[in-house]
Amino acid sequence: MSEVTAVNEEMTADSGEYMIRCENLVKIYKTDEVEVVALQGLDLDVKKGELMAIVGNSGSGKSTLLNMLGGLDRPSAGSLYIDGKNLLKFSDKDYMQYKRETVGFVWQNNARNLIPYLTAQQNVEMPMILSSKKERKARAAELLGKVGLSHRKNSRLDQMSGGEQQRVAIAIALANNPRLLLADEPTGSVDTKTSNMILDIFKELNRTEGITVVIVTHDVKLANHIDRVVAIRDGRTSSEIVRKRSYKAELDEMGDMLTPDEEGEEQTHEELAVLDRSGRLQIPKEHLEAMGLHGGDRVRVELDSDGQGIRLIPPS
């Protein structure tokens, strides 16, 4: 049995536990004169019902990954399973059905979600245009209630704040009952108070509806609010920032005394480097500089005497 076949069978067998499974995912953009490798063998697993964030600088590959998870772009190579389905084998019709039934999208730019001359209620009804009028109205009203906007259902967008518009966009993304919700910089254009309110909505939807939520952002401070944050660098998963205890457990323990933000990220989180499935490791740039090393240097790798660590030794 080939290695690729074995991997695919393993991923299919585990699909009941995972919403997203990426292995050695590659995306190459080509033009007549240039070839850009946006993803260089990225690995990522996201369990069903998980809420997590993906962070990275501009050009790291996070937006490319989001587009492939959302069915807006096709991988060049590797494995990508979502809800047990192999997206590399999707036809155009499969992608259309996937975007209608499995995934919901919230964009940073509200113009991609909202129709400005319609009311909040009418905007949320739009994705359900094939449903009966009675069903659409009831479902839209329900979703606006979930995002705290029942009182604004008859307001047009020019009568609403940026934070309210973003909450309408979340309701729209939920209209067709997606199992996976993707959010692209959902707090990028609002103030801190509104940002926290939007994140609370995602957490509540994740908790009460069981929706898997993936937030893509450049803001590492999201780790203060989310249990798992995956960092992407140079088209690969480089590290994870993991909360030592769950956000909910900390809130229960602290009661009304503190918020997790006041406690500080250093005390609640630890950052872990990620070994890919081939045993490759991305070492943070600042660590390499501290050792006097640079990307592309050759080093000797040795185990410590107790076998619990490794050392990188430049050639003499």
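Above this text sits the structure in question.
Quick caveat: nothing in here was measured; it's all calculated off a predicted structure.

K.L.:
How should the overall build of the chain be read in this particular structure?
P.N.:
Along the chain, the regular secondary structure elements total 11 helices and 13 strands. Among the 316 residues that make up the chain, the fraction classed as buried is 46%. Of the roughly 17,300 Å² that the chain leaves accessible, carbon and sulfur atoms contribute 48%.

K.L.:
Help me understand a nonpolar patch on the surface, please; the structure alone is not making it clear to me.
P.N.:
A cluster of nonpolar side chains, namely Tyr-29, Val-34 and Val-36, defines an oily patch on the protein surface of about 240 Å² accessible area. Among the secondary structure elements, Val-34 is positioned in the loop between strand E1 (18-30) and strand E2 (35-47).

K.L.:
Would you take a moment to explain the packing of helix H6 (residues 162-173) against helix H7 (residues 192-209) for this structure?
P.N.:
Packed helices, taken two at a time, are described by the angle between their axes plus the distance between the axes. The contact between H6 and H7 brings their axes to 10 Å, and the two run at 15°. Our classification of the angle between H6 and H7 gives roughly parallel. Between H6 and H7 lies a crossing of right-handed hand. From H6, Gly-163, Gln-166, Arg-167 and Ile-170 reach across to H7, where they touch Thr-194, Met-197, Ile-198, Ile-201, Phe-202 and Leu-205.

K.L.:
What is the right way to read the side chain of Arg-136 from this model?
P.N.:
Mapped onto the secondary structure, Arg-136 falls in helix H5 (residues 133-146). Separated by 3.4 Å, the side chain of Arg-136 and the backbone oxygen of Ile-129 make a polar contact. In this structure Arg-136 touches Gln-121, Glu-125, Met-128, Ile-129 and Ser-131, once residues within four positions along its chain are discounted.

Rules used in this analysis
Residues numbered from 1 in each chain as written. Predicted model: local features only at pLDDT ≥ 70, side-chain atom pairs only at ≥ 80, totals over all residues. Heavy atoms only, no water. Helix = DSSP H or I, 4+ residues; strand = E, 2+ residues; numbered from the N terminus. Buried < 20%, exposed > 50% of the residue type's maximum accessible area, 1.4 Å probe, protein only. Areas by Shrake-Rupley, 256 points an atom, 1.4 Å probe, with all protein chains shown as cover. Patch = residues over 30% accessible without salt bridge, like charges linked within 9 Å, V, L, I, M, F, W, Y side chains within 5 Å. Salt bridge = Lys/Arg side-chain N within 4 Å of Asp/Glu carboxyl O. Axes fitted to C-alpha atoms, helices over the stretch in contact; angles between N-to-C directions. Parallel < 35°, antiparallel > 145°, perpendicular 65-115°, else oblique. Left-handed = near helix turned anticlockwise from the far one by under 90°. Contact = heavy atoms within 4.5 Å. Polar contact = N/O pair within 3.5 Å; in protein donor to acceptor, adjacent residues only side chain to side chain.

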